[in-house]
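So the chains spell out like this:
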Amino acid sequence: MAPVPPGIRFLASFNRDQWYRAFTFSLTFLLYTSFHLSRKPISIVKSELHKNCSALNELSTASSNQLPNLHTAAECSWKPFDKSNYKQLLGAMDYSFLCAYAVGMFLSGIIGERLPIRLYLTFGMLMSGLFTCLFGLGYIYSIHSLGFYIFVQVANGLVQTTGWPSVVTCIGNWFGKGRRGLIMGIWNSHTSVGNILGSLIAGYWVSSNWGLSFIVPGLIIAAMGIICFLFLIEHPNDLRSIHAVQNPAPCRNNQKLTKNWNGTNGHKQLYHSYKQGDKYENWDTELLLPQDNSSVSVPVQQVVVVKSESEPSAISFMGALRIPGVIEFSLCLLFAKLVSYTFLFWLPLYITKTAHLDAKKAGDLSTLFDVGGIVGGILAGVISDKLGKRATTCAVMLLLAAPILYGFSMISEFGLGPTIGMLLVCGGLVNGPYALITTAVAADLGTHKSLKGNARALSTVTAIIDGTGSVGAAIGPLLAGVLSSQGWDQVFYMLMAADFLALLLLLRLVMKELTSGNVVKPRSGSTTVEMKEH
């Protein structure tokens, strides 16, 4: 008999639950990558909506005897962005999307707790694909109405709020607190991966047909929505019910076995009930059965799961705010996300204007900021896991980001090499705290001990934190559009001020972490009542 290849031995070493967990990790990663992929094109296309036609005029003058004023800036820019206030108009488009996103996010978590995550997320992705494609169709059908583009941005902002609470809740259901910072730091790199792919896809068509810069990402997120509908597993208990139906546990001692179907958050959980006298008990045997030995049908020790008549109710908005740390981290994220989204929406245009590069080269160069963000998010997760201090990790990165932002404001004076290095470092320090708060911190707070085992708060807490951050995300690009008309230096002063405010809002939690003598670090393999690792 031939020896088993080492690769097959490695694959066979993982049990069924580990494969399902890896599958859910990968699927949710790809799902939210498509969300960011569809948001990125607007920042790449901005420089095409309003071109600097001075070079084109010079070329036209040198190659012909025509008057140079026959080819004006208005002729090579896209109406209505051909006016002198184009920066304000572009900022208004950003603001319309992000304001709708911020408002919708507070409602999305509450709605998401009461609907099946898979269906809710699928609907949001299909509608997001539709509205992203509509923006691109504005080029195909020569639509020059500002109201059309504002409407599309508002509608897209609302439907995109279905994404974040859904995927965080799903990933939180599958992974406990052990190494949560590292796991979610790696998982959260989907944000930067989506931005990079979105930049590359949009940049490919931006100069020839910018409508395709939106249509292709729109089709991608719609296709991922169909995949979500077909394959997303919301909770490990969804699989438990399937296996329990396929391999039902027989009764003992003439106990009458019935099936009691109750569930929360849209998924049905199977509980086996048996009658002993006039009293019904719930007997959850499935969790104790070996996965690879169907011949064993009765657990060694009977376990009675205490189950109330009604499932824990979804937490209220005010109840979520009373969880310790939610307000501080939410307000901190407001300013941290202000900085991150200002870069997201304005960095390619800034590079175009200061480094005098075309739209495609500027878009490609801006992806280095997101590459740095991947490293920063993972590094923040690893450090916070090691130290057990989430707030302190965020504060240190925010403190280091301020001088880097000042150095970045002089990017036009640097050569290409220093510029690349500055983009990588700035991306890591800016996106590190943002990534940590929206993932590991949100999951920690959503399963806080004060909830006493009610795991239904995760979606609402996630929505509150990210919704508050989205307010900053809406304000940042809008202020950048206004301040950039007075010079790009003013934009960076605003970003540095926001960075310091984010740091100040964390000081109370930082002092609490540093003065606490019994900080409990997350342990690998630890489990909680709220999020069970099976």
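Residues numbered from 1 in each chain as written. Predicted model: local features only at pLDDT ≥ 70, side-chain atom pairs only at ≥ 80, totals over all residues. Heavy atoms only, no water.

1. Notes on the overall build of the protein
Inference 1: In terms of helices and strands, the protein carries 21 helices and 3 strands.
Inference 2: Long-range contacts, defined here as pairs at least 24 residues apart, represent 80% of the contacts in the protein between residues at least 6 apart.
Inference 3: In the form shown here, the protein has an accessible surface area of approximately 23,300 Å², with 65% of it arising from carbon and sulfur atoms. (Helix = DSSP H or I, 4+ residues; strand = E, 2+ residues; numbered from the N terminus. Contact = heavy atoms within 4.5 Å. Areas by Shrake-Rupley, 256 points an atom, 1.4 Å probe, with all protein chains shown as cover.)

2. Concerning the packing of aromatic side chains
Inference 1: This model, assessed by the stated rule, comprises 24 aromatic pairs.
Inference 2: Between the aromatic rings of tryptophan 78 and tryptophan 210, the centroid separation amounts to 5.3 Å while the plane-to-plane angle is 90°, which identifies the pairing as edge-to-face. Remark: tryptophan 210 occurs in the loop between α11 (190-205) and α12 (212-231) and tryptophan 78 occurs in the loop between α5 (73-76) and α6 (86-112); sequence separation between them is 132 residues.
Inference 3: The class for tryptophan 78 is buried, based on a relative accessible area of 13%.
Inference 4: Where tyrosine 350 meets tryptophan 488, the ring centres are 5.0 Å apart and the plane angle is 70°; that geometry is what we call edge-to-face. Of this pair, tyrosine 350 sits in helix α15 (residues 326-355) while tryptophan 488 sits in helix α20 (residues 488-505), and the two are 138 residues apart along the sequence.
Inference 5: A relative accessible area of 15% places tryptophan 488 in the buried class.
Inference 6: Members of the aromatic cluster, joined through ring pairs, are Trp78, Phe81, Phe135, Tyr139, Phe148, Tyr149, Trp210 and Phe214. (Phe/Tyr/Trp six-rings, centres within 6.5 Å; stacked < 30°, edge-to-face > 60°. Buried < 20%, exposed > 50% of the residue type's maximum accessible area, 1.4 Å probe, protein only.)

3. Some remarks on α15
Inference 1: Counted at 1.5 Å a residue, the expected span for α15 with its 30 residues is 44 Å, and the 41 Å between its end C-alpha atoms agrees.
Inference 2: When the local axis directions of α15 are compared, the greatest deviation, roughly 55°, occurs at tryptophan 346, which is followed within four positions by the proline proline 348.
Inference 3: Counting buried positions along α15 gives 25 out of 30 residues, so the element sits mostly inside the fold.
Inference 4: A positive phi of about 60° marks histidine 356, the residue just after α15. (Expected span 1.5 Å × (residues − 1). Bend = angle between axes of the 7 residues up to and from the residue.)

4. Considerations on a nonpolar patch on the surface
Inference 1: Together, Phe23, Leu119, Leu126, Ile226, Ile227, Phe229, Leu230 and Phe231 give the surface a local cluster of nonpolar side chains, amounting to about 710 Å² of exposed area.
Inference 2: Where the nonpolar patch is concerned, the elements lending two or more residues are α7 (117-140) and α12.
Inference 3: Of the residues forming the nonpolar patch, the biggest block, 5 residues, is contributed by α12.
Inference 4: With respect to the helices and strands, phenylalanine 229 occurs in helix α12. (Patch = residues over 30% accessible without salt bridge, like charges linked within 9 Å, V, L, I, M, F, W, Y side chains within 5 Å. Salt bridge = Lys/Arg side-chain N within 4 Å of Asp/Glu carboxyl O.)

5. A few points about the environment of leucine 334
Inference 1: Assignment of secondary structure puts leucine 334 in helix α15.
Inference 2: Through-space distance from the C-alpha of leucine 334 to that of threonine 468 is 5.6 Å; in sequence the pair is 134 residues apart.
Inference 3: Excluding residues within four positions of it along the chain, leucine 334 makes contact with Thr468, Gly469, Val471 and Gly472.

6. Comments concerning the pattern of salt bridges
Inference 1: Inspection of every chain in the model, using the stated rule, returns 4 salt bridges.
Inference 2: The residue lysine 46 makes a salt bridge to aspartate 94 at a minimum N-O spacing of 2.4 Å. A residue pair is termed long-range when its members are at least 10 positions apart, and lysine 46 in helix α3 (residues 41-49) and aspartate 94 in helix α6 qualify at 48 residues.
Inference 3: Taking relative accessible area as the criterion, lysine 46 reaches 0% and is therefore assigned buried.
Inference 4: Note that lysine 337 is salt-bridged to aspartate 466, the shortest N-O span being 2.8 Å. With lysine 337 in helix α15 and aspartate 466 in helix α19 (residues 458-483), this residue pair connects regions lying 129 residues apart in the sequence. For the pair lysine 337 and aspartate 466, a shared accessibility class is recorded, and that class is buried.

7. Quick notes on unusual backbone geometry
Inference 1: Following lysine 79, the chain continues to proline 80 via a peptide bond in cis, the omega torsion being 5°.
Inference 2: Positive phi outside glycine occurs at serine 142, with the angle close to 55°.
Inference 3: Tracing the backbone through its elements, the reader meets serine 142 in the loop between α7 and α8 (146-159).

8. Here we look at the nonpolar core
Inference 1: Formed by 84 residues in total, the largest nonpolar core has its most connected members in Phe343, Phe408 and Leu495.
Inference 2: At 15 residues, the largest contribution of residues to this core is made by α15.
Inference 3: Apart from residues lying up to four places away in sequence, leucine 495 is in contact with Leu338, Val339, Thr342, Phe343 and Leu405.
Inference 4: Listed in part, the 30 residues of the second largest apolar core include Phe35, Val168, Trp187 and Met224. (Core = buried A, V, L, I, M, F, W, Y, C linked by side-chain atoms within 4.5 Å.)

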